[in-house]
Every structure is written in structure tokens, then in C-alpha cells.
Amino acid sequence: MTTPPTSDLGKALGKLDIDGNNLPPSPAPSTPRNGRRYALATELVYTEHGDQYNASSMPIYQTATFKQSSGAGGSEYDYTRSGNPTRSHLEKHLAKIMSANRCLTVSSGMAAMDVISRLLRPGDEVIAGDDLYGGTNRLLKYLSTHGDIVVHHIDTTNPENVRGYVNDKTKLVLLETPTNPLIKIVDIPSIARLAHEINPAALVAVDNTMLSPLLQNPLDLGADIVYESGTKYLSGHHDLMAGVIAVNSLPLGEKLYFTINASGCGLSPFDSWLLMRGVKTLGVRMEKQQANAMRIATFLEDIGFKVRYPGLRSHPQYDLHWSMARGAGAVLSFETGDVDISEKIVEATRLWAISVSFGCVNSLISMPTRMSHASIDAKTRKERNLAEDLIRLCVGIEDCEDLLDDLQTALVKAGAVRVMPEGGMQAIDFAAGETLAQ
Ligand SMILES: Cc1ncc(COP(=O)(O)O)c(C=O)c1O
Ligand SMILES: N[C@@H](CCSC[C@H](N)C(=O)O)C(=O)O
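Residues numbered from 1 in each chain as written. Chains lettered and ligands numbered in written order. Predicted model: local features only at pLDDT ≥ 70, side-chain atom pairs only at ≥ 80, totals over all residues. Heavy atoms only, no water.

Per an unreviewed UniProt entry, the protein goes by the name Cystathionine beta-lyase and belongs to Orbilia ellipsospora. Turning to the protein, the UniProt annotation filed under Cofactor (unreviewed entry) states: "pyridoxal 5'-phosphate". Checking UniProt for the protein, the heading Pathway (unreviewed entry) contains the comment "Amino-acid biosynthesis; L-methionine biosynthesis via de novo pathway; L-homocysteine from L-cystathionine: step 1/1." (UniProt positions renumbered as here; feature names shortened; annotations may be inferred.)

In C-alpha cells form, the structure reads like this:
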């Protein structure tokens, strides 16, 4: 029961929420899904954890063990591998944000993927995209060579392609959207629907790292599992590694928890605390990152580069993206038509750090085939149309004029653009055989 309101405003409003329920104003931590009622930007920062001293920030329970009050054990926590209050608090908060009934946090995005992959048995089949993060590709390859799992890498941008591969052995359909690094869009609702129709036991898992729960909720779109690298947008500062898994099915959540406890990959108390702190600023970070990304993408497209970004009208799956997502994110890629020129651009930037990963407050530049996707062999990259000259930009929160200025200088220094007498610049079409001299 809630206590009666004492202020006039309180009396006027009572304790009723917008649905007329007499409930606490925000989700009780243990019932995140049913309790959500503020806008996401508010929920990101609003937390309740019931600390005995009312600490505003959830304390870090930096302990491996918890003393028991009886010889039979049985307290809520006994050992941090099995559970820790700081991690639990984060998981409950994330469940609320991710529109999930249960959330689990582990030591990296790949650990999340590994935990999910333990649901597979020899002979099971996995359907995955042909454009996906290099590390995910590497783990799937390992499962196929060491675990007798059959992995089909197909173009998941067309749900009909997926239909052809779903059968009674399909255990997992693994999707990324937008894909990393080609920024292709995958129709989560259609694929989830058809996969479940053909094989109700098939699990549809979505790697939501590119957008974060602020911009897309795959569970609401029909997925069974959503996971993310918390190393990226959720934390936002590249100062921790984390992975997050969210589900609505509680039995499925228990299976995943079993693996986390059994294998010991649960997120540490300190990283749980850091991630909790990072999540609170996700809204403001992403807002600025997206605004900057849109300007950068528009500039590159205007001067003639082929740019991949779902914020641009020219993206071939623009409508599909916006039917699922609330924003375009802040990762884009573009091609120059010449690998050496791309390398020169990357190396000529100063503000844009040459770095893997994305989602950080700092802007990053990289050539995926040399860095994040180098673990995919050159032959496979070619088969999957992963252009060697592709440059990926992960846009941060800096002043956009500075970012544009640094990028423009790098383009000129690298000889990737022609400076026009009337001002401005024009990309040189190296793929069409054009040169700077022309
Ligand atoms: C789309 C995507 N998923 C998963 C991962 C794995 O995350 P982590 O590096 O935290 O293991 C990455 C990057 O590493 C990624 O880009
Ligand atoms: N050497 C690492 C590369 C990590 S790439 C990180 C991120 N997902 C990205 O796309 O940039 C590895 O081998 O995993």
C-alpha cells in the first residue's frame, strides 16, 4: 500500500498512474515490465534500489562471498558468481529499459553471445546474417567446426531468404540490424513471424548493439532474445567491457542464468556499477551522437560518396528501418573506391581516433576489413561483398564543426576529394577510374 499524499498537488493527483493504477510511481525493481510508465529518457535515470541508507547511487558490493544467517545457507546472495546486489540492481534496471521480463549481464558482448550459444546441441542449425560483427562470425565458425552446429550465413535483409532455411532443426536465428559494418536493415517482425510459424521452438535472437534499447526494442518486435555489447552505447565511455541479454520467457531466462552461474561470466560488481552509471546518460549521449552522425552522413553524401546510414533517405531500407526503430544511431560507413585512399583518410584524421568499437562519446574511424572484421578471411569478405575500402565512422558527442573540419582536412590530405574553385569539395570516383588530376 502507498502512503496517502500530503501536499495539495499530491492530494489532487493521488497516487494513480496514467493508467489509473494505485502503484509505485516507477517499476518496482522486481516487476520491471509491468511497472514501466515514464518515458524512456526518464526511466534511464530513475532508479530505486532500497539501499538501507538511501544512497542515491547503488553501492558497489565488492565482495565475493555473503555471510549466511543459518548453517543451511539460503540467503538471497551467497557468492558473487551466483549473484551480487550491484549486478542484480543493474539487471533489473536494464530489464525495465529493454522492455524485458528478465535481464542478465555478463563480462562482454561476446560472453553474451557465448551464453546464448550454449542453448545449442550438436546437430542444431543456426541461421545468421552474411554481414555481421567479425567476432560473432568467429564464434559461429568455432561452433560449426568444434560443436557440430550447422551455421547458414545468408542475406537476412530479405525474409524470404530466411524462410528457405528454417526447418525443424533450426534452433537459433541470429540477426543484427543495422548490420555491422554495412548498415543493412533486417526485418525483425517478418523473420520472427515466419521462423516461429515454421518451427515454434526456434529462437530468434537480435544483436541490438548498434542502436541500444533507446532506439529499438527487438523483444517488442517478436524476438525471443535480445543481446547487446554493453561495451558500446549502454556504457558510452569505452571504460568497461560488458554484455547484456534480455528475454521475456522466464524459463529461458533461467537456462541462460544457469550457464552464467555455471561458467562464471557474470558481470563484476565494479563493472556493473560503471555500466549503471553509463546507462543513465544514454539518452543525452545518443541524441547528440545521432545529430552529429546525420550531419556527417549528409556532408559525405552531398560531396558524392556512397554513404550507408539509415538516417539518409537514400538508404534502400529507410522505411523498414523507421518502422522498427526510433532513431538512426550514430554508426555509418562509406566507400572511396580505393583501399589506399581509405587508409590515407583514416590516418590523416586527428580528432577521429583510429579505433575499433563504437558507442563511445569520442568519435572513431576505422577500416573494418583491417580491424573489427579482420577475423573474417579475405575470401569470405569478398563473397559477402564486404568492401576492402570501406571506412566506418562512429560518431561521438564532440562539436560537429570540429568533426567536420577534421574530416574535410583528412579527405583533402588523402587526395580523396577535389577542392572546387567556387568552394566546397567533390569526391573523386576512384571506382570509375577517375583520378585527382582529372
Ligand atoms: C554488433 C556487435 N555485437 C557484439 C559485439 C561484441 O561485444 P564485446 O566487444 O563487448 O564482446 C560487438 C563488438 O565487439 C559488436 O560490434
Ligand atoms: N581485436 C578484436 C576486435 C574487436 S572489434 C570491436 C567492435 N565490435 C567493432 O565492431 O569495432 C577482436 O578480435 O575481437
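Having seen the structure, we can now continue with the description.
Undergrad: Account for the pattern of salt bridges, naming residues and giving values.
TA: Counting across every chain of the model gives 11 salt bridges. For K96, the salt bridge is made with E43, and the minimal N-O distance between the two is 3.0 Å. Here the residue K96 occupies a position in helix α4 (residues 85–97), and E43 occupies one in helix α3 (residues 40–45), the gap between them amounting to 53 residues. Like K96, the residue E43 is buried in the burial classification. Note that R118 is salt-bridged to D114, the shortest N-O span being 2.9 Å. (Salt bridge = Lys/Arg side-chain N within 4 Å of Asp/Glu carboxyl O. Helix = DSSP H or I, 4+ residues; strand = E, 2+ residues; numbered from the N terminus. Buried < 20%, exposed > 50% of the residue type's maximum accessible area, 1.4 Å probe, protein only.)

Undergrad: Hey, could you go over the packing of helix α11 (residues 282–302) against helix α15 (residues 400–414) for me, with residue numbers and the actual values?
TA: Interaxial distance between α11 and α15 falls to 10 Å at its minimum, and their mutual angle equals 30°. Between α11 and α15, the angle falls in the class roughly parallel. Of the two possible hands of crossing, α11 and α15 adopt the one that is right-handed. Listed contacts from α15 to N292, R295, I296, F299 and L300 of α11 are C400, E401, L403, L404, L407, Q408 and L411. The class makeup of the residues in the contact of α11 with α15 is 8 nonpolar, 2 polar and 2 charged. (Axes fitted to C-alpha atoms, helices over the stretch in contact; angles between N-to-C directions. Parallel < 35°, antiparallel > 145°, perpendicular 65-115°, else oblique. Left-handed = near helix turned anticlockwise from the far one by under 90°. Contact = heavy atoms within 4.5 Å. Nonpolar A, V, L, I, M, F, W, Y, C, P; charged D, E, K, R; others polar.)

Undergrad: Outline the layout of surface pockets, listing residues and values.
TA: Looking at the second largest pocket, its volume works out to about 380 Å³. Lining of the second largest pocket is provided by 22 residues; of these, M110, Y133, S229, K232 and F358 occupy positions nearest its centre. Contributions of two or more residues to the lining of the second largest pocket are made by α5 (109–117) and β6 (225–229). Top contributing element to the lining of the second largest pocket by residue count: β6, with 3 residues. Broken down by class, the residue content of the lining of the second largest pocket amounts to 8 nonpolar, 9 polar and 5 charged. (1 Å grid on protein atoms, 1.4 Å probe; cavity = no way out; pocket = protein on both sides within 12 Å on 5 of 7 lines; lining within 4 Å. Points joined across faces, edges and corners; volume = space filled by probe spheres on them.)

Undergrad: For the site of ligand 1, give the residues involved together with the corresponding values.
TA: Near ligand 1, the surroundings consist of 13 residues, among which M110, D207, S229, T231 and K232 are the closest. For ligand 1, an oxygen atom lies 2.8 Å from a polar atom in the backbone of G109. Interatomic distance of 3.0 Å between a side-chain N/O atom of N180 and an oxygen atom of ligand 1. A total of 380 Å² of accessible area belongs to ligand 1 in isolation, and the protein chains cover 92% of it. More than half of the atoms of ligand 1 fall within 2 Å of the grid points belonging to the second largest pocket. (Near = heavy atom within 4 Å. Polar contact = N/O pair within 3.5 Å; in protein donor to acceptor, adjacent residues only side chain to side chain. Areas by Shrake-Rupley, 256 points an atom, 1.4 Å probe, with all protein chains shown as cover. Sits in = over half its atoms within 2 Å of the grid points.)

Undergrad: How would you explain the side chain of D124 if you had to name every residue and give the values?
TA: Examined against the element boundaries, D124 turns out to sit in the loop between α5 and β2 (125–129). There is no salt bridge for the buried D124, and the closest opposite charge comes from K171, which lies 5.2 Å off by N-O distance. Once residues within four sequence positions are removed from consideration, D124 is found in contact with L119, D148, I149, V150, K169 and K171. (Lys, Arg positive; Asp, Glu negative; His and termini not counted.)

Undergrad: Can you tell me about the site of ligand 2, naming the residues and giving the values?
TA: In the region of ligand 2, the neighbouring residues are Y133, R138, N180, K232, V356, S357, S372 and R392. The separation between an oxygen atom of ligand 2 and a polar side-chain atom of R392 is 2.6 Å. Relative to its unbound accessible surface of 390 Å², ligand 2 loses 69% to contact with the protein. The site holding ligand 2 turns out to be the second largest pocket. Split into classes, the residues belonging to the shell around ligand 2 amount to 2 nonpolar, 3 polar and 3 charged.

Undergrad: Could you give me a rundown of the UniProt feature "modified residue: N6-(pyridoxal phosphate)lysine" (unreviewed entry) in the protein, with the residues and numbers involved?
TA: The positions that UniProt labels "modified residue: N6-(pyridoxal phosphate)lysine" (unreviewed entry) are, in the present scheme, K232. Here K232 shows up in the loop between β6 and β7 (243–247). Its relative accessible area of 15% is what places K232 among the buried residues. In this structure K232 touches T209, S357, F358 and G359, once residues within four positions along its chain are discounted.

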